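Here are the chains, one letter per residue:
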Protein chains: 2
Amino acid sequence: MKSIKVGLLGLGTVGSGVVRIVEKHQNDLQQQVGSPIIIEKVLVQDRLKSRDVNVDILKLTEDPSDIINNPEIDVVVEVMGGIQPAKSYILEALANGKHIVTANKDLMALHGAEIMEKAAEMGCDVFYEASVAGGIPIIRTLIEGFSSDRLTKIMGIVNGTTNYILTKMSQEGVAYADVLKEAQELGYAEADPTSDVEGLDAARKMTILSTLGFHAHVSLNDVSVKGISQITKEDILYGKKLGYEIKLLGIAEQQDDSISITVEPTMVKTTHPLASVNGVFNAVYVHGEAVGETMFYGPGAGAMPTATSIVADLVAVVKNLKLGVNGLKSFAPTQVKKIKRDEEISYKNFILLHVEDKAGVLAQITQVFGQYEVSLESVLQHPNRSNPKAEIIIITHDANRADMKKVLEHFETMDVISTIKSVYRVEG
Amino acid sequence: MKSIKVGLLGLGTVGSGVVRIVEKHQNDLQQQVGSPIIIEKVLVQDRLKSRDVNVDILKLTEDPSDIINNPEIDVVVEVMGGIQPAKSYILEALANGKHIVTANKDLMALHGAEIMEKAAEMGCDVFYEASVAGGIPIIRTLIEGFSSDRLTKIMGIVNGTTNYILTKMSQEGVAYADVLKEAQELGYAEADPTSDVEGLDAARKMTILSTLGFHAHVSLNDVSVKGISQITKEDILYGKKLGYEIKLLGIAEQQDDSISITVEPTMVKTTHPLASVNGVFNAVYVHGEAVGETMFYGPGAGAMPTATSIVADLVAVVKNLKLGVNGLKSFAPTQVKKIKRDEEISYKNFILLHVEDKAGVLAQITQVFGQYEVSLESVLQHPNRSNPKAEIIIITHDANRADMKKVLEHFETMDVISTIKSVYRVEG
C-alpha cells in the first residue's frame, strides 16, 4: 500500500495543528482513504528552533525546493500566509504536478483565478476551505450543496476580530477604542489592526465566497468596503432601541445576472439569525431561490478549527488521487461578471442626524427625502435637553444608493442639520 | 454527448420540485456535469390526474418496472416516502446497477444498513441528503467537512412541526392543544401528528446523523425518545424566567468510544445558538474535538428546499458516473457501536415540584438529592398564595441518569411532594 506523501509549507500554530491531527487520527484517515498519509517534509525558517509539536528534525527543511521540487511529494499544504513567496511556491508546485491545500485567503482572493487556471492546466486539485471561516465548511457547501440552486444573497460575519469588538461594545457599552485595546491584549486583534477593522480581511473573504456562489470571477476591486472604526456607543444604543444589532457584514447579492458586493457596518434586525452571532464566531447566511434561508455558524479562526478544515481538504485530495480524478471537479466560472451600478442597488438605511431643535425642521428633512423619491419607514425625534440640538433617527424603505447619496449631499448644504452623525445599511 | 437518464418514483410536491429545477436549470446543470440530465420516466398512481407541473404524459407510468428495470435509466430518484414499496423498488433498482437518490428518512433510518450494503456490492451510489433537514447540507458536511475530526456531540432541532408548536407556545403563551390545532389547520402538522409530536420523526433523523457522525451503525432502538405533548405553559414560563427556551432536541453524544442518543424536550440556555432557532426552521449543532462549535441552520422541509438537496445529490451522482467512481466513496461504519448505560450519561436537570407549603420541606427535598449524590446548581421556591401548595424549581449540576431516576423514585414516596410536575434535560 503506497503511502501518500505531504509537504507542509509552514509550521506555525495551524501547521502544527495539521501535524497533530494527521498523527492522532492516522488510523481513521487511513481507513477513509485507503493509504497512510505521511507528512514527509516541513518548510521552516529555522530548523533548530524549539517547537511545541513533535516533528523529526530530519523532516524539517529551510529549502522550499525540498518540497516543491521533490518528486516524492504528492500534496503540498501551504500554511505560511501572505502573498509572496507563497504564490511562487504554489505555482511551482502545481507546475510539478502537485496538488495544493491552502488556508491563504489573501492569495486566493487576489490571485485565485491565476492559480485555478494553472491547476486546471496541470490536472491538479487546489482546495482552500480553510481560507474563509476556518471551522465552517462553507466552500464545500457552496460548490456542492447548492450546486443546483441559484443563490441570490450571501451575507457573512467573516471577521472574528471585528465581531468580537462589536459584541463587546454592544453587550458592555464600551467604546470602540477601549475594546480594541483589550482585544489586542488578548491576542484577538493584531498590533496593526487595519486589515481587520477597516474591512479588508472581510472583503477578501467575500471575494472568494461570491466568486464561488455566483460562478463569476469576482475581484477585490468589485467590493465596496467600509470598516468599523467610526461606530460610536450612541449608534449601538439607538440601534438596540429600534431592534437592531450592528454587525460588520459582507453582503453579496445577485439579481438579473448582475451582482453587488459590499462590506460595511450594518444594522441587523435582532430577529435575524446573524444578529445573535457573537464574539469571535463567524457565520455565513445564504439565500437561494429554491432552498430559501440557510446559515452556517462556527469558529472563524483558531489553529485547530483551521487545521481540521485543511485535513478535510487533504482527505478529499487524496480520495481524488486514489480515484485518479484530480482537477476534474475544480471550479471554473460560467458567468460573465456584471457589477451593479449604485442606481441598481437598493436597501433600507438607518440615519442619525443632529439638528436644530426648532419647529419645522422635521418637515424640511422629510421633504428632502421626498424630493429624491426615498420613502420612509419610521422617524424618531429625540430632543436632547442638555443642549439646543435634537437627534433624529430615520429608517428608510428600500432606497437605491444613488438616490441616498443625493439625499446626503443635500443634507450637507442645510443649515438646520448640524451633523450627519451616522448612516448604516439595514438588513433582516 | 450521451445524456443522463433519470427515473423519478413519485410526483408529489417534492417530485414536482425536482422536475421544475432540472428543467429551469438545465443549462447550469449541463455545464456542471458535462451532459444533459433528462427526467426519462416518472412513476405516478394515476397518469390521467391533472397536475400543476408540466410533464409529458408519455413520460408518466403507473408501472414501477418501467423505471427500475429500464436499461436506459441511470439514476433512480425516490420521493414516494414510506417503507414499502419504496424499499423493494430501491433494492431492485440497485440490483440492476442503478444509482439512488432518496429523501426517505424512514427507510434510511430503519433499513439504511441493508441498502448501503447492496449499493456497495453493486458499486452504486446511494445519496440521501434530503432525508434530514431538507434544506441543510448536513449529511455532506458530516461525511466530508468533518472527516478528520472526532465528533463529540450532535444536537439537532430536526422536526419543524414541533419547533413551530414550541415557538408559538413560547412567543404567544398559547397552550399546546391550541397551537397543535392551528398548526394542523395551516398544514404544518398532520391530521395524526403522533410521529412528529412524540419525537419519532426526530429519532429517525438522529439515527441517520449519529450513524454518519460516529461511524457506527446506530439503530432506531438505540434512541431514547420523549415527545412534547406533556409540555405546559407553566414549564415554558418558568424556563424563560431562568433563561431557557424549551426545544425538542435530538442529542447524540460520544465519549470514550461509547455513545448515547436521546430525543426529548430540553431546556436550552437562551445564549446557545439553538435557542433562537424558531418556527419551522431546523438546525444541527455539531461539536468536534478539533473544530469546536458549529451550527447549520435552514429550512427543514418544504418542497423546493428538499428538491434542491435532491438535485445537488443528483449532480454528485452524475459527476461520479462521468468519472467512473460510483460507490467508492460510500459510507461504511468503522466503529463498533457501544451504547452508554444510564450510569454513564450525565447532564443537568430542571425539576418542577408541587409541594406542601410548610417549614422543612425544602430541607427534606435537598437531602434526597444529597443521598443520591446529585448536587444542585440552584433552587427556587415560589409560594402560591391561592392554594396551600408551593412550587419548587431545581436545576441540578451534571447528574447521571441512573442517580436521577433514584431521586425521582424516592420523591414518589414522599408525602410532602404532591406532584413531580416536570423534569427536563438542560443544555447550553
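None of the values given here were measured: they were computed from a predicted structure. (Residues numbered from 1 in each chain as written. Chains lettered and ligands numbered in written order. Predicted model: local features only at pLDDT ≥ 70, side-chain atom pairs only at ≥ 80, totals over all residues. Heavy atoms only, no water.)

### Looking at the overall build of chain A
- Each helix and strand counted, chain A has 14 helices and 17 strands in total.
- Its C-alpha atoms give chain A a radius of gyration of 24 Å, within 12% of the compact-globule value 22 Å for 428 residues.
- In terms of principal-axis extent, the alpha carbons of chain A reach across some 85 × 45 × 30 Å.
- Taking all 428 residues of chain A together, the buried fraction comes to 57%.
- Sequence separation of 24 or more characterises 72% of the internal contacts of chain A that already satisfy a separation of 6 or more.
- Accessible area for chain A stands at about 16900 Å²; split by element, carbon and sulfur atoms hold 49% of it.
- Averaging the locations of the 42 positively and 55 negatively charged side chains of chain A gives two centres separated by 2 Å. (Helix = DSSP H or I, 4+ residues; strand = E, 2+ residues; numbered from the N terminus. Rg over C-alpha atoms; globule rule 2.2 N^0.38 Å. Buried < 20%, exposed > 50% of the residue type's maximum accessible area, 1.4 Å probe, protein only. Contact = heavy atoms within 4.5 Å. Areas by Shrake-Rupley, 256 points an atom, 1.4 Å probe, with all protein chains shown as cover. Lys, Arg positive; Asp, Glu negative; His and termini not counted. Charge placed at Lys NZ, Arg CZ, Asp CG, Glu CD.)

### Description of the environment of A:Glu356
- Mapped onto the fold, A:Glu356 is located in strand β13 (residues 346–356).
- Overall, the relative accessible area of 23% leaves A:Glu356 in the partly exposed class.

### Things to note about the nonpolar core
- Residues A:Ile138, A:Ile165, B:Ile138 and B:Ile165 are the most contacted members of the largest nonpolar core, which totals 148 residues.
- Excluding its chain neighbours within four sequence positions, the residues that come into contact with B:Ile165 are B:Tyr176, B:Val179, B:Leu180, B:Ala183, B:Val197 and B:Ile228. (Core = buried A, V, L, I, M, F, W, Y, C linked by side-chain atoms within 4.5 Å.)

### Let's talk about the interface of chain B and chain A
- With 45 residues of chain B in contact, the opposing surface of chain A contributes 45 residues.
- Of the roughly 3800 Å² buried at the junction of chain B and chain A (both faces included), carbon and sulfur atoms supply 59%.
- On inspection of chain B and its partner chain A, the count reaches four salt bridges.
- Of the charged contacts, one joins A:Glu289 and B:Lys24 as a salt bridge, the two residues approaching to 3.1 Å between their closest N and O atoms.
- Across the chain B-chain A interface, the total number found is eight residue pairs in polar contact (both at pLDDT 80 or more).
- Among the elements that line the side of chain B that touches chain A, the one with the most residues is helix α12 (residues 303–323) of chain B, at nine residues.
- Looking at the side of chain B that touches chain A residue by residue, the classes come out as 20 nonpolar, 15 polar and ten charged.
- Pairing analysis gives three bridges linking strand β12 (residues 292–299) of chain A to strand β12 (residues 292–299) of chain B, with the strands arranged antiparallel. Residue pairing across strands places A:Phe296 opposite B:Phe296, the latter belonging to β12(B). (Buried area = accessible area lost by both parts, 1.4 Å probe. Salt bridge = Lys/Arg side-chain N within 4 Å of Asp/Glu carboxyl O. Polar contact = N/O pair within 3.5 Å; in protein donor to acceptor, adjacent residues only side chain to side chain. Nonpolar A, V, L, I, M, F, W, Y, C, P; charged D, E, K, R; others polar. Pairing = 2+ DSSP bridges.)

### A short note on the domain arrangement of chain A
All names here are of chain A.
- Parsing chain A into structural domains produces domain 1 (4–134 + 303–323), domain 2 (138–299) and domain 3 (342–427).
- Just the C-alpha atoms count here: the centres of domain 1 and domain 2 sit 28 Å apart.
- Opposite the 16 residues of domain 1 that make contact, domain 2 presents 15 residues.
- Looking only at domain 1, the three residues that lose the most surface to domain 2 are Ala109, Glu129 and Val132, adding up to 38% of its buried area.
- Taken together, the connections running from domain 1 to domain 2 amount to four salt bridges.
- One salt bridge in this structure joins Glu129 and Arg140, with 3.8 Å as the shortest N-O distance. (Domains from an automatic or database assignment.)

### Digging into the relation of the copies chain B and chain A
- The transform that puts chain B on chain A rotates by 180 degrees and translates by 0.1 Å along the axis, for an RMSD of 0.0 Å. These values place the two chain copies in the arrangement generated by a two-fold rotation axis. Among all C-alpha atoms of chain B, that of B:Phe296 lies closest to the rotation axis, at 2.3 Å.
- The overlap is high: 100% of the interface residues of chain B also sit at the interface in chain A, so the same surface is used on both sides. (Least-squares fit on C-alpha atoms with pLDDT ≥ 70 in both.)

### Remarks on the pairing of strand β17 (residues 417–427) of chain B
- Across three bridges, strand β10 (residues 258–269) of chain B lies against β17(B) in parallel orientation. Residue B:Thr266 lies in a different strand from β17(B), and its bridge partner there is B:Arg425.

### Structural notes on the side chain of B:Glu245
Residues and elements named next belong to chain B.
- Following the sequence through the fold, Glu245 ends up in strand β9 (residues 244–255).
- Given the relative accessible area of 16%, Glu245 is considered buried.
- In terms of polar contacts, Glu245 uses its side chain to reach the side chain of Ser170, at 2.7 Å.
- Once you skip the residues sitting within four places of it in the chain, Glu245 turns out to touch Ser170, Lys240, Thr266, Met267, Val268, Thr270 and Ala275.

### Looking at the UniProt feature "active site" (unreviewed entry) in chain A
Residues and elements named next belong to chain A.
- What UniProt calls "active site" (unreviewed entry) maps, in this numbering, to Lys205.
- If you trace the backbone, Lys205 turns up in helix α10 (residues 200–214).
- Among the polar contacts listed, one links the side chain of Lys205 to the backbone oxygen of Val158, at a separation of 2.8 Å. (UniProt positions renumbered as here; feature names shortened; annotations may be inferred.)

### Some points on the sheet that holds strand β4 (residues 75–78) of chain B
All names here are of chain B.
- With parallel pairing, six strands are arranged side by side in an open sheet as β3-β2-β1-β4-β5-β6. Both edges of this open sheet fall to β3 (60–61) and β6 (126–127), since each of them pairs with a single strand only.
- Pairing of strand β2 (residues 37–43) with β3, which is carried by two bridges, proceeds in the parallel orientation. Across the sheet, Val42 pairs through a bridge with Leu60, a residue of β3.

### A look at the packing of aromatic side chains
- Following the criterion strictly, the structure yields eleven aromatic pairs over all chains and no others.
- Centre to centre, the rings of A:Phe369 and A:Phe411 are 5.4 Å apart; their planes meet at 80 degrees, and the pair counts as edge-to-face. Note that A:Phe369 is positioned in helix α13 (residues 361–371) and A:Phe411 in helix α14 (residues 401–412), a separation of 42 residues in sequence.
- Put simply, the rings of A:Phe146, A:Phe296, B:Phe146 and B:Phe296 touch in pairs and so form one group of aromatic residues.
- Above the ring of B:Tyr244, the side-chain terminus of B:Lys269 is found at 4.7 Å from the ring centroid. (Phe/Tyr/Trp six-rings, centres within 6.5 Å; stacked < 30°, edge-to-face > 60°. Lys NZ or Arg CZ within 6 Å of the ring centre and 35° of its normal.)

### Describing the pattern of salt bridges
All names here are of chain B.
- What the rule picks out here adds up to 60 salt bridges over all chains.
- Here Glu172 ties to Lys168 by a salt bridge, and the two come within 3.1 Å at their closest N and O atoms. Here Glu172 and its partner Lys168 are both found in helix α7 (residues 160–172), four residues apart, which amounts to about one turn of the helix.
- Judged by relative accessible area, which is 18%, Lys168 ranks as buried.
- In this structure, Glu344 and Arg341 form a salt bridge, with 3.8 Å as the shortest nitrogen-oxygen distance.
- Residue classification places Glu344 among the partly exposed positions, given a relative accessible area of 29%.

### Examining helix α12 (residues 303–323) of chain A
- Taking 1.5 Å of rise per residue, the 21 residues of α12(A) would be expected to cover 30 Å, and the 30 Å separating its terminal C-alpha atoms lies within 8% of that figure.
- A:Gly324 lies just past α12(A) and shows a positive phi near 70 degrees. (Expected span 1.5 Å × (residues − 1).)

### A word on a nonpolar patch on the surface
- A cluster of nonpolar side chains, contributed by A:Leu48, A:Ile57 and A:Leu58, occupies part of the molecular surface with about 340 Å² of accessible area.
- Note on A:Leu48: relative accessible area 71%, which makes it exposed. (Patch = residues over 30% accessible without salt bridge, like charges linked within 9 Å, V, L, I, M, F, W, Y side chains within 5 Å.)

### Side note on the environment of A:Ile115
Residue and element names in this part refer to chain A.
- Along the chain, the position of Ile115 falls in helix α5 (residues 105–122).
- Residue class for Ile115 comes out buried when judged on its relative accessible area of 1%.
- Each C-alpha atom, one on Ile115 and one on Lys87, is 8.3 Å from the other, the two residues being 28 residues apart in sequence.
- If near-sequence neighbours (up to four positions away) are discounted, Ile115 is found in contact with Ile90, Leu91, Leu94, Leu107, Met108 and Val126.

### What to know about helix α11 (residues 233–241) of chain B
- Residues of α11(B) that are buried: B:Glu234, B:Asp235, B:Ile236, B:Tyr238 and B:Gly239.
- With its phi angle positive at about 90 degrees, B:Gly243 sits one or two positions after the end of α11(B).

### Remarks on unusual backbone geometry
- The omega torsion across A:Gln84 and A:Pro85 is 5 degrees, close enough to zero to call that bond cis.
- Even without being glycine, B:Asp256 reaches a positive phi, approximately 50 degrees.
- Mapping B:Asp256 onto the fold places it in the loop between β9 and β10.
- On the basis of relative accessible area, B:Asp256 is assigned to the exposed category, the value being 71%.

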